[in-house]
Amino acid sequence: MQPPRRKSPPRSGVLSDPTTITKHLTTYFQNPTKIPLYVTVLSIFFLGLFVYSEDIRSLAELSFSQITYPDLIWRRAYRPNHKPRPKRPLNGSVLHVHVPSTCDLTVGKWVFDNDTYPIYYEEECRFLTEQVACMRNGRKDELFQQWRWQPNDCNLPRFEPLLFLNKLRNKRLMFVGDSLNRNQWESMVCMIQSELKKGKKWEDGSRTIFHAKEYNATIEFYWAPFLVESNSDNPKIHSIATRIIKAESIEGHAKHWKNVDYLVFNTYIWWMNTPNMRVRRANASDWSENDEVLRILAYERVLKTWSNWIKRNIDPIKTSLFFMSMSPLHISPHQWGNPNGIKCALETEPYLNFTERLNVGSDPQMFDMVENVTRFMSDVPVSFIDITRMSEYRKDAHTSVYTIRQGKLLTPAQQADPKTYADCIHWCLPGVPDIWNQILYAKILSKGSSQL
């Protein structure tokens, strides 16, 4: 059944000021300390030389490391038919929600719900990047924002930003992995920012950090597409086509994960271009000394390196650990019965046959391997969150042609060529990653969350 369409009100939210970075750069280069001309020229050169490549070469946003954005006061966007979201008062010091131990939050169906979804509006989130702001980039339909995930055996707890912020007070939440985890990080920032008066975002090497000032809480993203070290560890300049990993080396990344209260890992999409992975030899002097290894065997070595580091370095009393399963691609429309479709372009609703799994090519061996590795990490428990099956139904919710490539919005001519330019990897926001975060929220705030 086609869900009813809702008339879209005028979009008048405050968008990011494009002059912000320019002002910072002007201040930086006008510093009384004299800067050699070649340093200035090289700085400007490298500022423009960033290519984010993940099959479709989507880009991350640009900013100088360590430059903070000014404090921002949030203002809710004006929407004529905007329904205020119900806010539940905090119950004293109680900072948990209840999820029955018999309920699997990840098994269920999508239900159309334009009363309580989306959780936030695109124009309300000041930190949303162009890569995932689909409505701003020209998408006309907004039904993809209005689907609620309904588990079979219970209800998914409603996301309460105040409750979550109080749980995060004086703590750090860090997403570690590839751009799908960055997608989820952006979602989480948008989900909590409506309750904040002041917030800052800045970049520090491989980390992008959002600081909720009132709560002294940080929500961070750390770029490590393979978890272990690789030749693609620069968050701005890297290529999936020439990727090489160091399967037994992780400390260069992992030293940044210590003393974090909540760690959320993923690694998948960067493995999927070829059936083999290039692995640098143990005593190699440079990246050219490598061997091709069957992908699943290289993945197994990486997970062993990761799990061993976790066991040696993480205190389970201090840190809660989560591992997100693979986020699916939707590039073959015949898989969902649309032989005349072009990748995920023009899809406007989920695959609605929830009695069967929609097979879109997600690698079951890699899924099972992560699930098994995390299941047997009893000394330092890791909660494996299966987002794969629920997301496989959502062929309608990718950024498609409403995104960027190499730092620029797709042109009308490129948007008219979805076979070449459609991004069916990343997700529009608001959208599917908000549901992933609702599940993460429920696990963090549930008693015994590591066993859920």
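In short, a report on the structure. Here the structure is a predicted model, which is why all the values come from computation and not from measurement.

**Points about the overall build of the protein chain**
For the protein chain, the count of helices and strands is 11 helices and 16 strands. Sequence-distant contacts in the protein chain: of pairs separated by 6 or more residues, those separated by 24 or more amount to 79%. A total accessible area of about 20,300 Å² is found for the protein chain, and carbon and sulfur atoms account for 53% of it.

**Here we look at the pairing of strand S6 (residues 217–223)**
Summarising burial for S6: seven of the seven residues are buried, a large majority. Bridge analysis of strand S3 (residues 172–177) against S6 gives six bridges, and the strand direction is parallel. In the sheet register, Arg172 faces S6, and the bridge partner there is Thr218. For strand S5 (residues 207–212) and S6, the ladder comprises six bridges, and the chain directions are antiparallel. Residue pairing in the sheet places Ile209 in a bridge with Glu220 of S6. Linking S5 to S6, which pair antiparallel, is a turn of four residues; within it Asn216 sits at a positive phi near 50°.

**Details of the sheet that holds S5**
Strand order in the open sheet formed by seven strands is S4-S5-S6-S3-S8-S11-S12, and the pairing between neighbours is mixed. If you trace the sheet from one side to the other, it starts and ends with strand S4 (199–204) and strand S12 (382–385), each paired once. Strand-to-strand twist across the sheet, computed as the mean angle between neighbouring axes with direction ignored, equals 15°. Contacting S3, S4, S5, S6, strand S8 (262–265) and strand S11 (320–324), helix H4 (residues 179–193) runs over the sheet at an angle of about 165° to S6.

**Comments concerning the state of the cysteines**
Taken as a whole and assessed by the stated rule, the structure comprises four disulfides. Between the sulfur atoms of Cys125 and its disulfide partner Cys190 the distance amounts to 2.0 Å. Judged by the sign of its S-S torsion, about -85°, the cystine formed by Cys125 and Cys190 is left-handed. Of the two residues, Cys125 is situated in the loop between strand S1 (108–112) and strand S2 (147–151) and Cys190 in helix H4; the sequence distance between them amounts to 65 residues. On the basis of relative accessibility, which here comes to 2%, the residue Cys125 falls in the buried class. Two residues, Cys344 and Cys424, share a disulfide whose sulfurs are 2.2 Å apart. Taking the torsion about the S-S bond as the criterion, the Cys344 to Cys424 disulfide, at about -90°, is left-handed. Of this pair, Cys344 sits in the loop between S11 and helix H7 (364–375) while Cys424 sits in strand S16 (residues 423–427), placing them 80 residues apart in sequence. As far as the burial class goes, Cys344 and Cys424 line up, both buried. Cysteines bonded in the protein chain are numbered consecutively along the chain; their disulfide partners then correspond to 1-4, 2-5, 3-8, 6-7.

**Let's talk about the sheet that holds strand S10 (residues 290–294)**
Taken together, the three strands give an open sheet; going across it, the order is S7-S9-S10, and neighbouring strands pair in mixed fashion. Each end of this open sheet is capped by a strand with a single partner; those strands are strand S7 (244–245) and S10. In the sheet, S7 pairs with strand S9 (residues 276–280) via two bridges, with the strands oriented parallel. By the bridge assignment for S9, Ile245 is matched with Val279.

**Some thoughts on the pattern of salt bridges**
Taken as a whole and judged by the stated rule, the model has 17 salt bridges. For Glu220, the salt bridge goes to Arg207, with nearest N and O atoms at 2.9 Å. Of this pair, Glu220 sits in strand S6 while Arg207 sits in strand S5; the two residues are 13 residues apart in sequence, bridging distant segments of the chain. Taking the shortest distance from any N to any O, the salt bridge between Glu251 and Lys258 comes out at 3.9 Å. Residue classification places Glu251 among the partly exposed residues on the basis of a relative accessible area of 37%. Salt bridges linked by common partners bring Arg172, Asp204, Arg207 and Glu220 together as one network.

**Details of the nonpolar core**
In this structure, Phe164, Ile245, Trp257, Phe265 and Trp306 are the most contacted members of the largest nonpolar core, which totals 121 residues. If you tally residues by element for this core, the top one is helix H11 (residues 432–445), at nine residues. Sequence-distant contacts of Ile245, defined by excluding residues within four places in its chain, comprise Phe226, Val228, Glu229, Ser230, Trp271, Met277, Arg278, Val279, Arg280, Trp287, Ala298 and Val302.

**With respect to H4**
Helix length check: H4, at 15 residues, gives a terminal C-alpha distance of 21 Å against a target of 21 Å (1.5 Å per residue), a fit within 8%. Of all 15 residues in H4, 15 are buried; the element is thus mostly enclosed.

So, how was this worked out
Residues numbered from 1 in each chain as written. Predicted model: local features only at pLDDT ≥ 70, side-chain atom pairs only at ≥ 80, totals over all residues. Heavy atoms only, no water. Helix = DSSP H or I, 4+ residues; strand = E, 2+ residues; numbered from the N terminus. Contact = heavy atoms within 4.5 Å. Areas by Shrake-Rupley, 256 points an atom, 1.4 Å probe, with all protein chains shown as cover. Buried < 20%, exposed > 50% of the residue type's maximum accessible area, 1.4 Å probe, protein only. Pairing = 2+ DSSP bridges. Axes fitted to C-alpha atoms, helices over the stretch in contact; angles between N-to-C directions. Disulfide = S-S within 2.5 Å. Salt bridge = Lys/Arg side-chain N within 4 Å of Asp/Glu carboxyl O. Core = buried A, V, L, I, M, F, W, Y, C linked by side-chain atoms within 4.5 Å. Expected span 1.5 Å × (residues − 1).

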